[in-house]
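# Results of the structural survey
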Amino acid sequence: MKTLEKFTYKREFKVLKKKEQKYLRKQSISSDHIVNRKLKGKVDPKLEQTLNTAFQKAFTLVFDKGVGIIQKTYNADKIKEKHNSIDSRITRKNIRKQKNISKSSNIKNLAFTSISSTALGILGIGIPDIFLFTALIIKNLQEISLSYGIDFNNDKEKYFMLMIIEGALAHESIYEVNERVDSFIESYRLYDIDFQIKL
């Protein structure tokens, strides 16, 4: 790696580390979502177990059968083309371009997921929508993966996606989850998708 690229890489890494620490601090002191707090202790344990089981089944179904269907909902070739159009050299300009590709997908998906989940909540539709909501989350992660040139069609990447989702939902345990994510990135060996789905 050339000196300028090394410098750019180190600077970008430093920026990302700073953002990561800020996110971890904020997430660790924030309590559960207001809806979760209001429902705590009021939801029948059987219903809670039913919902947990439904989410587990939804993730298993999405990964086993739904990946191909989800891929039909967006233009994978266009995202790959955008990624491939960026020069592979590590420069500030190329990093900015790369972030913009990911950001545009993320904003669209976030808006769509929010609207869908709100609409479904208002309609009072429950367990059947868990599959749809899960599919929307996976779709978002797939598009982000593609925008960075990552092939998500393997078990290791699916496991990584599940860890990202767990981290997004964690509060007090966020540092522990983050350590596991970092360890997985470094070793990229030990993983158990079924166990991670249950977390």
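What you are looking at is a predicted structure, and each value in this text was computed from that prediction instead of being measured.

Secondary structure summary: the protein chain contains nine helices and zero strands in total. Ordered by position from N to C terminus, the α and β elements of the protein chain give α-α-α-α-α-α-α-α-α. Taking all 199 residues of the protein chain together, the buried fraction comes to 31%. Across the protein chain, the fraction of contacts at a sequence separation of at least 24, relative to all contacts at a separation of at least 6, is 74%. When the accessible surface of the protein chain is split by element, carbon and sulfur atoms take 60% of a total near 13900 Å².

Further remarks concern the side chain of Gln27. Mapping Gln27 onto the fold places it in helix H1 (residues 3–29). Owing to a relative accessible area of 11%, Gln27 belongs among the buried residues under this scheme. Setting aside residues no more than four positions away along its own chain, Gln27 makes contact with Gly167, Ala168, Ala170, His171 and Ile174.

Here we come to the nonpolar core. Core analysis: the largest hydrophobic core is formed by 17 residues, its most contacted members being Phe59, Phe63, Tyr74 and Ile138. Secondary-structure elements contributing two or more residues to this core are helix H3 (45–71), helix H4 (76–84), helix H6 (128–147) and helix H7 (155–169). The element that contributes the greatest number of residues to this core is H3, accounting for five residues. Once you skip the residues sitting within four places of it in the chain, Phe59 turns out to touch Thr134, Ile138, Leu162, Ile165 and Ile197. If you look at the next biggest cluster of nonpolar residues, it comprises eight residues, including Leu24, Met163, Ile174 and Val177.

All right, on to H7 then. Given a rise of 1.5 Å per residue, 15 residues ought to cover 21 Å, and the 21 Å separating the end C-alpha atoms of H7 matches this to within 8%. Glu157, Lys158, Tyr159, Met161, Leu162, Met163, Ile165, Glu166 and Gly167 are the residues of H7 that are buried. If you check the start of H7, you find a side-chain oxygen 3.1 Å away from the backbone N of Lys156, and it comes from Asn154.

Before going further, it helps to examine the packing of H7 against helix H8 (residues 174–187). Their axes nearest at 10 Å, the elements H7 and H8 cross at an angle of 160 degrees. The orientation of H7 with respect to H8, classified from their angle, is roughly antiparallel. Between H7 and H8 lies a crossing of left-handed hand. In contact with Lys156, Tyr159, Phe160, Met163, Glu166 and Gly167 of H7, H8 contributes Ile174, Val177, Arg180, Val181, Phe184 and Ile185. A breakdown of the residues in the contact of H7 with H8 according to their chemical character gives eight nonpolar, one polar and three charged.

With 75% of its residues at a pLDDT of 70 or more, the protein chain has an overall mean of 76. Mean pLDDT per element in the protein chain: helix H2 (residues 34–39) is the minimum at 53, and H8 is the maximum at 87.

What follows concerns the pattern of salt bridges. Under the defined criterion, the tally for this structure stands at three salt bridges. Close ionic contact of Glu20 with Lys17 constitutes a salt bridge, the shortest N to O distance being 2.9 Å. A residue pair is termed a helical-turn pair when its members lie 3 or 4 positions apart in one helix, as Glu20 and Lys17 do in helix H1 at three residues. Overall, the relative accessible area of 34% leaves Lys17 in the partly exposed class. A salt bridge links Glu143 to Lys139, with the shortest nitrogen-to-oxygen separation between them at 2.7 Å.

What counts, and at which threshold
- Residues numbered from 1 in each chain as written.
- Predicted model: local features only at pLDDT ≥ 70, side-chain atom pairs only at ≥ 80, totals over all residues.
- Heavy atoms only, no water.
- Helix = DSSP H or I, 4+ residues; strand = E, 2+ residues; numbered from the N terminus.
- Buried < 20%, exposed > 50% of the residue type's maximum accessible area, 1.4 Å probe, protein only.
- Contact = heavy atoms within 4.5 Å.
- Areas by Shrake-Rupley, 256 points an atom, 1.4 Å probe, with all protein chains shown as cover.
- Core = buried A, V, L, I, M, F, W, Y, C linked by side-chain atoms within 4.5 Å.
- Expected span 1.5 Å × (residues − 1).
- Polar contact = N/O pair within 3.5 Å; in protein donor to acceptor, adjacent residues only side chain to side chain.
- Axes fitted to C-alpha atoms, helices over the stretch in contact; angles between N-to-C directions.
- Parallel < 35°, antiparallel > 145°, perpendicular 65-115°, else oblique.
- Left-handed = near helix turned anticlockwise from the far one by under 90°.
- Nonpolar A, V, L, I, M, F, W, Y, C, P; charged D, E, K, R; others polar.
- pLDDT = per-residue confidence, 0-100.
- Salt bridge = Lys/Arg side-chain N within 4 Å of Asp/Glu carboxyl O.

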